[in-house]
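# Survey of secondary and tertiary structure
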Amino acid sequence: MGQVFGCVQVKQSNVAIKETFGKFDNVLQPGCHFVPWCFYSKVAGTLSLRVKQLDVRCETKTKDNVFVTVVASIQYRALAEKAVDAYYKLSNTKAQIQSYVFDVIRASVPKMELDSVFEQKNDIAKAVEEELEKAMSAYGYEIVQTLIVDIEPDERVKKAMNEINAAARLRVATKEKAEAEKILQIKRAEGDAESKYLAGLGIARQRQAIVDGLRDSVLAFSENVPGTTSKDIMDMVLVTQYFDTMKEIGASSKSNSVFIPHGPGAVRDVAAQIRDGLLQGNAIQS
């Protein structure tokens, strides 16, 4: 705002208060105005119509005896049509708003537990806004928006809350890990059972093939060599397999084998033991 030869300029988003002989005379809108200072007229001051913001920190106690600091953000502005009230009735607008915010928060939060304060912060902001709207409208101010931007419990309480949350998440993680381990063990057991089943089928087929081969060998040898008995053929087959086994053991450089007596008499005894075992098994089956 400037003044040259009684001309006054009022900037945009502002109004000026004109006084004559110390008494309110008029509200000057944005633009250029003639104020004859020689007739004791003057501009007493200007009033901004822009939206302003005030952050209020209020410490209070919850219903479960936890001290918290509530930070409220108040957005307000002066009304052009009530510029006279806004300029003359209040000397400290911020202090007035802060007092009402303290009153409402300290009346609302002690009725709630700590968790409810976080959940119902919008209700707290609405209560603050309604109370401020009723109080400040009489002074020519409008409350544009009220926000609860932060709720800060005591540091020890915050740490305890984090530990509770971490413990709960750890329990869930442990449960999920145990469930995964259970599924893994079940799948491992199913795989092991399937593997043993298939191995058993393989061994059964192998033994069946050995029996079939021995039977075919006995029949073929009996037809081609007259006068031989089944006992002679089995003894020869066992001795042949015995020497084939000894040959394989000798050819291997890394072999962990247990040697048994292998003289002619011992081979005969081994053959007799195997034959007796087979005969006993056949007798039991029949």
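Residues numbered from 1 in each chain as written. Predicted model: local features only at pLDDT ≥ 70, side-chain atom pairs only at ≥ 80, totals over all residues. Heavy atoms only, no water.

Once that is clear, we can look at the overall build of the chain. In terms of helices and strands, the chain carries seven helices and nine strands. Counting only residues that meet the buried cut, the chain has 25% of its 286 residues in that class. Here the analysis covers contacts within the chain between residues at least 6 apart in sequence; of these, 62% occur between residues at least 24 apart. (Helix = DSSP H or I, 4+ residues; strand = E, 2+ residues; numbered from the N terminus. Buried < 20%, exposed > 50% of the residue type's maximum accessible area, 1.4 Å probe, protein only. Contact = heavy atoms within 4.5 Å.)

Right, let's talk about the sheet that holds strand β6 (residues 41-48) for a bit. Sheet strands pair via backbone hydrogen bonds, and the direction of the pair is either parallel or antiparallel. One open sheet accounts for three strands, arranged β4-β3-β6; its pairing is antiparallel. Of all the strands in the sheet, the pair left with one neighbour each is β4 (23-28) and β6. This sheet shows a mean twist of 30° between the axes of neighbouring strands, independent of strand direction. As paired elements, strand β3 (residues 14-20) and β6 share seven bridges and run antiparallel to each other. What sits directly across from Ala16, in β6, is Thr46. (Pairing = 2+ DSSP bridges. Axes fitted to C-alpha atoms, helices over the stretch in contact; angles between N-to-C directions.)

The next point concerns the nonpolar core. By size, the foremost hydrophobic cluster in this structure holds 34 residues, and its most contacted members are Val101 and Ile105. If you list the elements that add at least two residues to this core, you get β3, β7 (52-61), β8 (67-78), α1 (83-88), α2 (93-108), α3 (114-119), α4 (121-136) and β9 (141-153). Ranked by the residues each element gives to this core, the list is headed by β8, at six residues. For Val101, the contacting residues outside a window of four places in its chain are Val56, Ala72, Ile74, Val128 and Leu132. Core analysis: the second largest hydrophobic core is formed by six residues, Val8, Ala16, Val35 and Val43 among them. (Core = buried A, V, L, I, M, F, W, Y, C linked by side-chain atoms within 4.5 Å.)

Now for unusual backbone geometry. A positive phi angle is found at Phe21, which is not glycine, with a value near 55°. Tracing the backbone through its elements, the reader meets Phe21 in the loop between β3 and β4. Positive phi, normally seen in glycine, also occurs at Asn65, with a value near 60°. Mapped onto the elements, Asn65 comes out in the loop between β7 and β8. Under the relative-accessibility criterion, Asn65 is labelled exposed at 54%.

For the pair α2 and α4, the least separation of the axes is 9 Å and the interaxial angle reads 135°. Classified by the angle their axes make, α2 and α4 are oblique. Taken as a pair, α2 and α4 cross one another with a handedness that is right-handed. Residues Thr93, Gln96, Ile97, Tyr100, Val101, Val104 and Ile105 of α2 pack against Ile124, Ala127, Val128, Glu131, Leu132, Ala135 and Met136 of α4. When the residues that make up the contact of α2 with α4 are grouped by side-chain class, the tally is eleven nonpolar, two polar and one charged. (Parallel < 35°, antiparallel > 145°, perpendicular 65-115°, else oblique. Left-handed = near helix turned anticlockwise from the far one by under 90°. Nonpolar A, V, L, I, M, F, W, Y, C, P; charged D, E, K, R; others polar.)

Function cannot be inferred from these measures alone, as they are strictly geometric.
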